Each structure stands twice: as C-alpha cells, then as structure tokens.
There are 2 protein chains.
Amino acid sequence: MKPGTKWTNGVGVAAFCLLLSMRSAGQADHPTNLMPMPKALVFASGQLALTPQFAISVTSYDDARLDAAVLRTMERLRMKTGLELVRQVGHGIGALSIAVDGAGGAVQGVDEDESYSLDVSNSGAVLRAKTVVGAMRGLETAQQLVEPAGDHYALPFVSITDSPRFPWRGLMLDCGRHFEPIPVIKRTLDGMAAVKLNVFHWHLTEDQGFRIESKLYPKLTAMGSDGLYYTQAQAAEVVAYARALGIRVVPEFEMPGHSTAWLVAYPELASARAPKGIRREFGVSDYALDPTREETYEFVRRFLGEMTTIFPDAYVHIGGDETVSPEWKSDPRILAFMQQHRLKDPDALQAYFNQRVLKILTALHKHMVGWDEILNPALPKDVVIQSWRGEESLQKGAQQGYQGILSAGYYLDGMRSAEEHYAVDPLPADAKLTEAQRRLVLGGEICMWAEQIDERSVDSRLWPRSAVIAERFWSPANVTDVMEMNRRMRATSVELEGLGLQQMEHEDAALRELIGSRHIDALKVFASAIEPVSFGERYEQQKTSQLTVLDRFVDAVAPDPPSRYAFERLTASFLKAPNAKDAEELRSMYAELIKAAPGAQRTIASSPLLTDVLGRAKQMPALAQTAIDALSFVSAGTKAPAGWKVQQMALIAEAKKPGGIVRFTFLGPLEKLVEAVQE
Amino acid sequence: MKPGTKWTNGVGVAAFCLLLSMRSAGQADHPTNLMPMPKALVFASGQLALTPQFAISVTSYDDARLDAAVLRTMERLRMKTGLELVRQVGHGIGALSIAVDGAGGAVQGVDEDESYSLDVSNSGAVLRAKTVVGAMRGLETAQQLVEPAGDHYALPFVSITDSPRFPWRGLMLDCGRHFEPIPVIKRTLDGMAAVKLNVFHWHLTEDQGFRIESKLYPKLTAMGSDGLYYTQAQAAEVVAYARALGIRVVPEFEMPGHSTAWLVAYPELASARAPKGIRREFGVSDYALDPTREETYEFVRRFLGEMTTIFPDAYVHIGGDETVSPEWKSDPRILAFMQQHRLKDPDALQAYFNQRVLKILTALHKHMVGWDEILNPALPKDVVIQSWRGEESLQKGAQQGYQGILSAGYYLDGMRSAEEHYAVDPLPADAKLTEAQRRLVLGGEICMWAEQIDERSVDSRLWPRSAVIAERFWSPANVTDVMEMNRRMRATSVELEGLGLQQMEHEDAALRELIGSRHIDALKVFASAIEPVSFGERYEQQKTSQLTVLDRFVDAVAPDPPSRYAFERLTASFLKAPNAKDAEELRSMYAELIKAAPGAQRTIASSPLLTDVLGRAKQMPALAQTAIDALSFVSAGTKAPAGWKVQQMALIAEAKKPGGIVRFTFLGPLEKLVEAVQE
C-alpha cells in the first residue's frame, strides 16, 4: 500500500471529519502524564477503548525496524493492560495505523526527521511520520497516553502534532571512572527512548579506565581497564540496540588529556612522563598524549580508524578538556617543537593537536565534537562544541560560527533538583544571537559523571531527572509549569520502572543491604527527608577515589526526592496565606519524622555502615519539632517566646553544616517558616 | 607453599591451641544467620575484626577458579563492610587463609568433595578443603558469618566442619513454558551458590517452546521458540558461569512426550499426527516422538551428540514424563511394531524408546536422568530417577536398585510455605531402606515450573523459599527448628538481594506498575496479608495459557509472605496462654489492615487490572474486625453474643472461596481464634 492511500478511502475521510469536530471540542484540561509534552495537542471528549483485538498495523512503508518497534509497543501494552494482545504487526487496518514515508537515514543523522502526528478518534488511531524514527517517537507518545477507563484501558481522543525543539538531545554516561555493565547501558537506552532522547554519548576512556576493546592496541584494555571493558562485539550490540530505538551513539575517546589509562599501556606516547598505573584519585591528571610526535598521530589515526568500524555515527567526541601537562611548559624537546611550529602556549599546542586529529577524522568522514576547550579560531566551523562552561560559552561559540550543545546546567552529579535543571534552557529567549546563530545551537546533553556512581546507584541518579531535561530539549520553550512538570515526572518514573529501570526500588533495596535486614520502616521515613550532597561536597568530605566503596547511606537515598518538593510547595502555600489544610499536612509530615526518629536512631546505631548519619538522625526530631512549633505560632497568630527564633535558627544552621555526606530536604522551607514566626 | 606448611609454624600452632580453648568455651547460642546450617559449628567468644588490610590468601594449590572465587568474595565483603579492600588474592598469610588440596573434577561430578572446615580465631581465619568447590562452599559460609561489631564488621570466633548431607542438590528451572533471559539464569545461579545448591537442572524443551539452538536442526528454534531461545554460545556461557560457582548444569530435553515444539519443526518425527503450531495451552499434550522409526533415533543421536558439545555434565535429563500418544494404542503401523517387538502396551513402548536413547547416551559417555515414568525394570541401574510422584516412588526405585532424587514436595508453583517444604525429607528416618539403598537417594531438586511465571516474577517465586529447601538438602536431618529457619530465611533473603536477586523489591515495583503510580501505601498493607493461590487453583480459575499476561495482583504478591508466619505464630502463642502482649501485637496487625482498607479499596477500584481483587479488599476489614473482637472476648474471658460464632465462621467460609486468584494469609489462625471464643 502506498503512503496515504488508506486515508483517501471512506474510513480515512470519516476520521478526518471527526478530527475537525474534535479540535473544536478540544479540552485543554484533560489530565495527561505525557513527558515530554508535545508541540501541539488537543484533547477531545471520548476514548478509544483497548480490547483484546487491538492491533497496530503499518499501512505504508514496510520496515523491519518499525515492525520491531510495533512489537515492543504491543508487548508493553500487554503488560500495561493485561490484554492478551497478539504479538504481531497487524496488516491492513488496525486500531492504530501507522503511515510512514520512509526509513530515514541508513545511519541516523542530526537532521533525522523525528516529527509525527497522532490522531485518536472514534474510528481509530492514526500515526503519521516521515521516518521510522518519527513513528517510534509517536509510539512512545501513544503508549504514555493509555489511561484507565473504568474496568479497562483506553486512549483518549486527541490530536497531536509533534516535533523536537532541538535535534541533538543527548545523555552522556561516564563509563570510565566506574564501569557500567551492558544491561545498565541497555536499560539506559530504553529509558532514553521513552522520553525521546536521541544521542547516547558514551564516555569510554578516562584517567581511571580505558573501556573499549582495541584489537590493534589490546594493551589499552589489558593494562588500563582492570578487566572492565566492552568488547567490540558488545559495543556493536549497543549501537544496534540504540539504532533500534532511534538513538545515535557518539563515542568519546578523551585526548590529549584525561588519558592516563592509555598511557599506562603505551608510555611512549606520553608527554615525557608516563603514569605508573591507572589513576585512582579523581580530579585533573597531569598526563597527556605527546602532541609533538608523529607516532602519536599514527596511533590516533589507526585507533580511530578501528573505532569507526564499530561506531557508524557521523560524530566522534575527542574530549579535549582539562589538559594539563607540565611538560608542555618545561620539556626542552616540546618547547623546541612549539617554537618551530610557532605555537605560543599550551593552548596553541592543543589546538595544533586538535587540528591534526581533525584531519584524521575528516579522512575517516567523521565530524569532531569536543568540550569547550577545543574552541579555537584555528579550527574549521564544522566541529561541535559541547559546553560544560555554560550558556555564555555556548553562545560565544555560536557567534563565532560554531555549532554547540549545552551541558552546563545538566550535570546530574550536582544532585540538584529537577526544577533547577528544568530552568536551564540551551537557547534562552534573551540569547544575543541572530537567527542563523540560534540554529547553531543543536541542543543539549545530560551529563552523568561517574566518580560516585556504580551500577547499583546509576539509575537512581539518572532517573527521573533525565526525563525532565529531555522535556526541556524536546518541548516548546514555553512549557515551564513546575508543578505540572513535577506531577508528570513522578508518573513518568513509574513508566520507566516498567521498562526495567531501578530508580524507584533502589532506596529500599540499598537500605536493606546497609542494615542487613528487611526491617527498614523507620529508616525509610528518616531517609525520605534526606538527599545526597553534590559530587563536589562528597568529594571534599569523604575524599572519594575510584577505590571508595559506594555503599553508604548517601548512595541509597535519591536525589531530589518527593519530600523536598512537598515541603517547599506546602510551606510556600501556607506562608502565602496561613491555612489549616496546609498546616495539617505539614504537621503530619514532620510528626511522622519525629515518630520514626527513635527507631531510625536505633537501627543506625547498630549498623556500622550508617554511623556517619547518626548525627543527622539525632538532628531530625528537633528540627521537625521546630517546624511544628512554628506552624502553631503562625497558625494561631501568637508570638513565640523571646529568643525562640535565635535558638531555632541556630539549630537550622547546625543542620546545614556538612554531616553524613547528606542533607535534609526541608531546611529551606523550615527556615522560611521560622522567619515567619513573630517574636 | 605446600599444603599445610603454614600450619606447622608458630602462628599455626598458636591458632590450634586457641581452637582447643575455643571449643571448650563454645557458645551454642551465638545468633547466626547461616543458611544452610553447617554440619558442626562451635562458636567461641571473641571476634576477628575486619580491617582495610583484610586479605584472603591461598596458601596451597594455585587455581584460577579459586582466585576468581576469592575476588568475588572480596568484592562482596567490600560492599558489605564499606572497607576499601584490595581486589587481589593475597599472597602469603592473609587474615583468611585458604588451603585446598586440589581442583576437583575437570568436570564437576556427583562425587565432588564439597567438604570444608573453617576456623576463625584470634590469629586469623583458616579455610581448608579438599577441592576448589569445597573452598567455595566455605567462602559462602565465611561471608554469611560477617556480623556488625560496634562501628565495624567482624567474623565471630568459630569452628566449623561441614559437608553436605546429599551430593545432588538441584534447582530445576522450566525455561520452556516461559523463557527466562540470561541475566535471570545468571542471578539464579548466584543465588544457588550462596545457599550451596550444586545442580542447575535446565528444562530447555517443552510443548510450549524449544529453547536451545541446534546448528544441526535449526528449525527447532526457528519454528518452535517464538524467537526466544538460548544460542549455543549463551548456553556455553551459562555452563562456564555455573562451573565458576561450583554448580553442575544438567540439561533436560523432554522426549518422547512434551515434545510439541520439536514436532512443529519436524512433523515427520511425530507418532502419526503432528501439531500445527507451538502449544499455547498448558496440561499434557498428546503429541509424541515416534518410537517406532529409525529416523527418530538418528535424529536423537545427532541432536544429543551436538548437545554434549555444549553440556559437559555426565548426566543428561530426557524427561520422559506424561507421554500420552493415542496413536500408541491405535495406529496400525505402531501397533504392528509393538507386536513385532513384543511390547505389550504404551509403557513398554516407552521403555523401548528409553532403552534406545540410553544406548545413544551411553555411547556419548552420558548417564540418563528421567522422571518417575522412566522407571522400568528393563533399564540398567545407572539411570537416575527424579521423583515427582513422591518419597514412596523414590524409595521403590531405591529398593529396585535405582538412584533417585526427590522433587515431590519441592514444587514452588504450589505456592506453599517454606515450612511445608522444609518438612519434606528426601530420605526420611523411617524410610524402609537398607544402608546401601539409602545411598542410592542422591538428594533432591527444587522445581520451578513456569506456566505462571515470567522474568519479572521468577525471583519472587524462587526466593527465599529455595534457600530453605537448600538447607534441607545440605544440613543434617535434625536441623528442623521452624522458628529459627524462618528467621534465618528472612535474613538470607536480604543477602540474596545483595547478589542482585529481586524477590524483595518485586512486590512494590509490581504494585506501582499495576496502578501506574508510586502511591501504593494502602495497597501494600492490603497486599501484605495476601498470597497467591497455587498454580492449579489459578489454572482452574483463570484458565491461563502461555499467552496469558502475567501482570495481575497475584503476580505481584509474594508466596509465603512474612505475615502468614506472624499470624500463625502469634495466634498459636496467644491461644496456648492468652496474654496481653500477643493480643496487642495481633490487634495492631489487624487494625492496620482495617485502617488501610478504604485507601486500598479506592486504589483498586480505579485500577482496571485490579478489579478482580476488589472483592478481597472488601472482605478484609470485616475479617480483621472479627479477629479483633475474638481477641477481646478471649482476652477478657467474656462470652460472645449468641450466634456470633456462626456469623463469623460464615464470613471466614466466604473468604475461603476462590476470589481474585489470591488468598488471605490469616484465615487459618483466624478460624482458630474464633473457635476459641466462648459463646
């Protein structure tokens, strides 16, 4: 059947007429859990019931990848609805018909058309897209739309026209500092696809580990990986898995800095000094590839040539950040080279290196991506700058004509709230850029650095916050309602759990491990009002290295837990206009903390791994009591005794100090509450 | 270093002297979570603190498999203690020294020596074993012994001498009716090793699916597996993974019955009629391989020959159960064959088939294992009978000289309590067997049939109950204290979760999926007093097939949940001698159910997948109120109003009727409580 054929027949016309009436009957207030929000959606009253006969048919353009996506969708709908849906791609007219114009790129490009439209009406559901990837985006939306309807499930009548705001919507996973096994990678890709992220930026080499097999240079993993690396077959499997989900894989091979693990194996490539072993500490290393030797380029040329046989994407990330090699300022041979090539300083030397690597990549038909530091007028305009320094740096690049993607603001190891990340826009309305320059901002990338994550905690650090950033990359800039975002984020987290992601179950499981018992009730209540400190604070307090065991309380608790938002929202609402409802809800939340405190303290005291949070457990009940007292004063409009506020503020100040590598989620709202008390 | 050398030097002598004093100071009442319990253990007062310098060294017999086991142990101790233990096999004297005599079998046999001794004293810990497998068993014990000691962890001073009661301690996983992905298999093996099970019986073919790749007969999986099968490379990986853990892999290829999936691909091998497709219904199929044709044996010979290249174990399981082929009683050609070979009935025909297959296996240097039905005097004595019919059948086999393993009593799909399985002994004291016959009982196997499990629920069906059966197979017959078993089982479950098994987190995750929300608090309380009905009851009530979606409430709740035991224990204790403490504990448990009921009912009513348990949710509060009232009457020694008991018993009788494919965990104790009320 040719594209569109079906929709000129009777059914198609009927559906179209209905659509028109739907739009006029559009209900903007139909509750939806969609994340990311589509560009345009109009609900109509009515639902399309899902029955055991429900089928998805492809009415145009037969494609194995699309069929696989349909089967995945059917499988998920089976689980979601309990219906014994047939595991087949329907032929002819199904309840959901997909019309796709073509496959899209043989290798998915930055310019892949991901747009789609989805119309659900009385006569069925129709998904139209220009490419298979677009259809997959639409299938994710369709799935998220499924809602309970009495004793069955249904799709609401809706008309959606959707396309991404940015073409580059990435997630960078650092598998260098801590290795992540293949199942983690796969479920991360599943989660990415669910929220329409489309670039998996695979950080494969670091000072702390070289994670990708090279058959030309096997010593790279033999000596630089502790045995933890991806074989080429596994990497190819990941690339295929990602392609099936409409996700590009951009590999990163850090050079010339962050290369300790390379140099363990090939010390002859080092700038004079070579490391004795894999770097275990974090922070910036001072080893670097030697940019002054031809052997280095020969090595890089052969290595990257080998890697392009595994990674088909048009882009290769060469890192390029934080290169600090003292020899570049002191070694006579290197200095002589710099003089000979008129390279005035280490930056110029690195630019020279980048130019040479760029030539290698160009010969391999690849584009270069690098961190801010590669930005140098000497480079041609087809490199992509990934900005960790901030929007300003990104915009400066765009003004100079460079394409860029924003990562500053999306560092998940900062343990910031979803709300904070949500507020960061790769292309703010006030950016001083021309239209042409604005188009150079390709999008953004979430960064999951792995100093302090391992395979057990990674999901809880990635999700659900990544879903919110994904929405920032996909949805129109004016989708900014934080309360709505929060509600949808929590629902999306349950969806993601259904895909096998473990962010929701992690905390309970980790708490049980920590105490060696299933009796975690009191501890859970305590944990619910606690969140991890940022990577930086933990690094300062605990001096973590790659050898640090990541099995502390801080590793169990989730960043940005629901309690933080609940305390903030209720307190703000209460302080705006003191009322009994908010007061009671807050009081009961704080009372629960007080009630659980003795049990939590006992559990913590008898668990060696928890000794560092005993202080926090002891602070908690007094702080909660402060909140309850403050609520009473403000509610009753009575004054607190003299000195009360100073005393309480001292308690809060004490609780703000570092302790247990974790922090309370309620200190901000509590402070405001105490401030509001009259004395 | 030669075996034992170390222990003739000063340190060794000191340790030995200390051991002597330890034994005399032995404390039988040191709490321990060990499961299975060792044959002999004596605690002494004192602990060996674990420090960051803790190391495990191998003082004799250098072996790669042992080194890997040591590294695994170190990794788990790192996670357990938070200590930055070095990921190396210590050389020379470590805090824990392992002395092993040799590797054991190149292919682990039934007669593998798994004994070990473990002595922890002031001067360190010493593990001695004859084989690497024995050392691995000891390492699991050592790990389980680790206990909190103030702000650190320690090994208690102890002297253990241990060896298994039975040499064949298996777990059968049916991957035919529902496929289980490789990660599930691997974590199942991890769990098995933790509780010292040593045979993974891999049920690879069924009417509902042929799950192992044959390169000679690729149509077997191409047409008989829905694409869900293990490649030979994956199977080899599983075998290697199991060997690393000291676990044998016995593959099962069901023949001549349970072979629908074979015959879909090769209809020419069928007894006259061939199936049209993979069987979706459960129950016994009436298709069978044709035992009267030479082509069948040629096929079996080549197929088994191919399989022996993947599965090195000395045993191959040929199934052999439930063979029902009407043609064996009606087809003229088959009847003629039977007459010609003097085979008087279908049983004789199957015995003929088995003899032919046995010859094939013998030529391949393999022993045969089969279910009860293969037992036939015509077979030689080196076949092993796996008894699903019961201890009697097993003993009958032993009396005839056949080796046997017991599976009746260990069917996990019966959803029975750990206690019931614990009570089943493969070799009861009263078995009418001679010493020689007793030795023919090799052990037992847990059976996990997969009509109603999938990869999401499998862990919650397998664990922790398998740990208890593992103890029955390993520990002395007189280890039977149920209360102690229950306590240790719950602790072991947390240990198993630390290995990646998901039985503890499954219920919450599944409940979230069912309602599409994280707000499961009330539903959880309701679920805590509910357990799944048996496979048979569910089959009756729901008419499940392979196509049934396994995402109902019944799939979320755990078999044998803690509440069942708590209700039973407290009620028994209360009824023995009514007292306020038990009454109060019971009252608060039942009151919690009442409190959660309205919320649970609301959640259930708005969740299409839960509609079938709304009835149960409505029954719950009245039943709980009955319990609370009964407690009051009995506690106060007052009489209930006339007719009260009849009324309450009617409520209970109603609640015993099928509903929602689940049952309450407290009905038995509640009934006793009501009976105890005076009227």
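For clarity, every value in this text was computed on a predicted model and none was experimentally measured. Every chain begins its residue count from 1, and numbering advances along the sequence as written. Here chains are named by letter from A upward and ligands by number from 1 upward, in the order in which they appear as written. The model is predicted, so local features are restricted to residues of pLDDT at least 70 and side-chain atom pairs to those at 80 or more, both for listing and for counting; the totals for chains, interfaces and linings are taken over all residues. Water and hydrogen atoms were dropped before computing side-chain values, which therefore reflect all heavy atoms in the structure.

### Details of the overall build of chain A
Inclusion rule: The helix and strand labels rest on DSSP assignments: H or I over at least four residues marks a helix, E over at least two residues marks a strand, and numbering proceeds from the N terminus. For the radius of gyration, the atoms used are the C-alpha atoms, and the globule rule reads 2.2 Å times the number of residues raised to 0.38. Burial classes follow relative accessibility: with a 1.4 Å probe on protein chains only, a residue under 20% of its type's maximum area counts as buried, one over 50% as exposed, and anything between as partly exposed. Residue contacts are counted whenever heavy atoms from the two residues lie within 4.5 Å of one another. Only four residue types enter the charge count: Lys and Arg as positive, Asp and Glu as negative, with His and the chain ends excluded. For charged residues, the charge sits on one atom: NZ in Lys, CZ in Arg, CG in Asp, CD in Glu.
Secondary structure summary: chain A contains 26 helices and 19 strands in total. Taken over the C-alpha trace, chain A has a radius of gyration of 27 Å; the compact-globule value for 679 residues is 26 Å, and the two agree within 12%. By residue count, 61% of the 679 residues in chain A fall in the buried class. Long-range contacts, defined here as pairs at least 24 residues apart, represent 75% of the contacts in chain A between residues at least 6 apart. When the 73 basic and 84 acidic side-chain charges of chain A are each reduced to a single mean position, those positions are 1 Å apart.

### Quick word on the relation of the copies chain A and chain B
The operation linking the two copies of the chain is a rotation about an axis combined with a translation along the axis. Quick note on the threshold: To line up the copies, we fit them by least squares on C-alpha atoms, keeping just the residues with pLDDT of at least 70 in both.
Once turned by 180 degrees and shifted 0.0 Å along the axis, chain A lies on chain B with an RMSD of 0.0 Å. On the angle and the small slide along the axis, the relation comes out as a two-fold axis. Among all residues of chain A, the minimum C-alpha distance to the rotation axis is found for Glu505 of chain A, at 3.1 Å. In this assembly the copies share their binding face: 100% of the residues contributing to the interface of chain A also contribute to that of chain B.

### With respect to the pairing of strand S5 (residues 124–131) of chain A
Residues and elements named next belong to chain A. Selection criterion: Two strands pair if DSSP finds at least two bridges between them.
The buried fraction of S5 amounts to six of the eight residues, a majority that puts the element mostly inside the structure. Pairing between strand S3 (residues 96–102) and S5: six bridges, direction parallel. Looking at the pairing, Gly102 lines up with Thr131 of S5. Here six bridges tie strand S4 (residues 116–121) to S5, and the two strands are oriented antiparallel to one another.

### Comments concerning the nonpolar core
Side chains of a nonpolar character, in soluble globular proteins, are inclined to be buried together. Cut-off, in case you're wondering: Buried Ala, Val, Leu, Ile, Met, Phe, Trp, Tyr and Cys residues form a nonpolar core when they are joined through side-chain atoms within 4.5 Å.
With 198 residues, the main nonpolar core has Trp202, Phe253 and Phe311 of chain A together with Phe553 and Phe666 of chain B as its most contacted residues. It is helix H24 (residues 614–636) of chain B that contributes the most residues to this core, ten residues altogether. In this structure, Leu34, Phe54, Ala129 and Leu197 of chain B belong to the second largest nonpolar core, which totals 197 residues.

### A short note on the packing of aromatic side chains
Residues and elements named next belong to chain A. Under the convention used in this document: Pairing of aromatic side chains here covers Phe, Tyr and the six-membered ring of Trp, requires ring centres within 6.5 Å, and sorts the geometry by plane angle: under 30 degrees stacked, over 60 edge-to-face, intermediate tilted. Comment: the charge-over-ring label is applied if NZ (Lys) or CZ (Arg) is within 6 Å of the ring centre and within 35 degrees of the ring normal.
Per the counting criterion, the structure on display carries 54 aromatic pairs over all chains. A centroid spacing of 5.4 Å and a plane angle of 70 degrees characterise the contact between Phe337 and Tyr352, whose relative ring orientation is edge-to-face. In this pair, Phe337 is assigned in helix H10 (residues 332–340) and Tyr352 in helix H11 (residues 346–363), connecting sequence segments 15 residues apart. Across the pair, Tyr352 and Phe337 agree in class, each one buried. Pairwise contacts between aromatic rings join Phe179, Phe200, Trp202, Phe210, Tyr217, Tyr230, Phe253, Trp262, Tyr266, Phe299, Phe303 and Phe311 into one cluster. Between the NZ or CZ atom of Arg248 and the centre of the ring of Trp168, over which it lies, the distance is 4.3 Å. Here the guanidinium or amino end of Arg356 rests over the ring plane of Tyr297, the centre of that ring lying 4.1 Å away.

### Observations regarding the environment of Leu289 of chain B
Residue and element names in this part refer to chain B. With respect to the helices and strands, Leu289 occurs in the loop between helix H7 (260–265) and helix H8 (294–308). Taking the C-alpha atoms as reference points, Leu289 and Phe200, separated by 89 residues in sequence, lie 26 Å from one another. Aside from chain neighbours lying at most four places away, what touches Leu289 is Met255, Pro256, Ser259, Leu263, Leu269, Ser271, Thr296, Val300, Trp328 and Phe353.

### Quick notes on unusual backbone geometry
Between Met255 of chain A and the following residue, Pro256 of chain A, the backbone shows a cis peptide bond with an omega angle of -5 degrees. The topology assignment puts Pro256 of chain A in the loop between strand S12 (248–252) and helix H7 (260–265). Phi is positive for His258 of chain B, close to 45 degrees, though the residue is something other than glycine. Locating His258 of chain B in the fold gives a position in the loop between strand S12 (248–252) and H7. In this structure His258 of chain B comes out as buried when scored by relative accessible area, which is 2%.

### So, the state of the cysteines
Residue and element names in this part refer to chain A. Defined as follows: Two cysteine sulfur atoms form a disulfide, by the criterion used here, when they sit within 2.5 Å.
Across all of its chains, the model carries zero disulfides over all chains by this definition. Distance from the sulfur of Cys175, which forms no disulfide, to the nearest cysteine sulfur (Cys447) is 13 Å. By relative accessible area, Cys447 is classed as buried at 0%.

### Details of the pairing of strand S17 (residues 441–448) of chain A
Residue and element names in this part refer to chain A. Taken across its eight residues, S17 has eight buried, putting it largely inside the fold. When strand S8 (residues 168–174) meets S17, the two strands line up parallel, connected through six bridges. By the bridge assignment, Trp168 is partnered in S17 with Gly443. Sheet topology places strand S16 (residues 403–406) next to S17; three bridges connect them, and they run parallel. Counted as the bridge partner of Ile405 is Gly443 from S17.

### With respect to the interface of chain A and chain B
The criterion, for reference: When two components associate, each loses some accessible surface as probed by a 1.4 Å sphere; the sum of these losses over both components is called the buried area. When a carboxyl oxygen of Asp or Glu lies within 4 Å of a side-chain nitrogen of Lys or Arg, that pair is called a salt bridge. Pairing of N or O atoms within 3.5 Å defines a polar contact, subject to two protein rules: one partner must be a possible hydrogen donor and the other a possible acceptor, and residues neighboring in sequence count only if both atoms are side-chain atoms. Throughout this entry, Asp, Glu, Lys and Arg are counted as charged residues, while Ala, Val, Leu, Ile, Met, Phe, Trp, Tyr, Cys and Pro are counted as nonpolar. The remaining residues, Gly among them, count as polar.
Facing 43 residues of chain A, the contacting portion of chain B comprises 43 residues. Summing both sides of the interface, chain A and chain B together bury roughly 3,300 Å²; the carbon and sulfur share of this comes to 54%. Counting across the interface, chain A meets chain B through two salt bridges. Here chain A is connected to chain B by eight residue pairs in polar contact (both at pLDDT 80 or more). For the side of chain A that touches chain B, the secondary-structure elements that each account for two or more residues are helix H2 (64–81), strand S6 (147–149), strand S7 (152–162), helix H17 (482–498) and helix H18 (506–515) of chain A. The greatest single-element share of the side of chain A that touches chain B, amounting to five residues, is contributed by H18 of chain A. Here the side of chain A that touches chain B is composed, by residue class, of 15 nonpolar, twelve polar and 16 charged.

### Description of the packing of helix H22 (residues 562–576) of chain B against helix H26 (residues 667–676) of chain B
Residue and element names in this part refer to chain B. Threshold: Axes here mean lines fitted to C-alpha atoms, for a helix over just the part in contact, with angles spanning 0 to 180 degrees between N-to-C directions. Working definition: roughly parallel below 35 degrees, roughly antiparallel above 145 degrees, roughly perpendicular at 65 to 115 degrees, and oblique for all remaining angles. Left-handed is the label given to a crossing in which the near helix is rotated counterclockwise from the far helix by less than a right angle, and right-handed is the label when the rotation is clockwise.
At a minimum axis separation of 9 Å, H22 and H26 run at an interaxial angle of 20 degrees. Between H22 and H26, the angle falls in the class roughly parallel. The crossing of H22 and H26 is left-handed. Residue-level contacts link Phe567, Glu568, Thr571, Phe574 and Leu575 of H22 to Pro669, Lys672, Leu673 and Ala676 of H26. Class assignment of the residues belonging to the contact of H22 with H26 gives a composition of six nonpolar, one polar and two charged.

### Notes on the confidence of the model for chain A
All names here are of chain A. The condition is simple: What pLDDT reports is the predictor's confidence in each residue, on a scale of 0 through 100.
Residues of chain A with pLDDT of at least 70 account for 96%, and the chain-wide mean is 93. Of the regions scoring below 50 in pLDDT, residues 1–27 engages in 44 contacts with residues more than four places distant in sequence or in other chains. Interface confidence in the predicted complex, given as ipTM, is 0.92; pTM for the same model is 0.93.

### Considering the side chain of Arg488 of chain B
All names here are of chain B. Within the secondary structure, Arg488 is located in helix H17 (residues 482–498). Here Glu471 takes part through its side chain, which lies 2.7 Å from a polar atom of the side chain of Arg488. When neighbours within four sequence positions are excluded, Arg488 is seen to be in contact with Thr32, Asn33, Leu34, Met35, Met37, Tyr422, Glu471 and Val479.

### A short note on the environment of Gly660 of chain A
All names here are of chain A. Its location among the elements puts Gly660 in the loop between helix H25 (644–656) and strand S19 (662–664). With 372 residues separating them along the chain, Gly660 and Ala288 place their C-alpha atoms 36 Å apart. Sequence-distant contacts of Gly660, defined by excluding residues within four places in its chain, comprise Asp612 and Val613.

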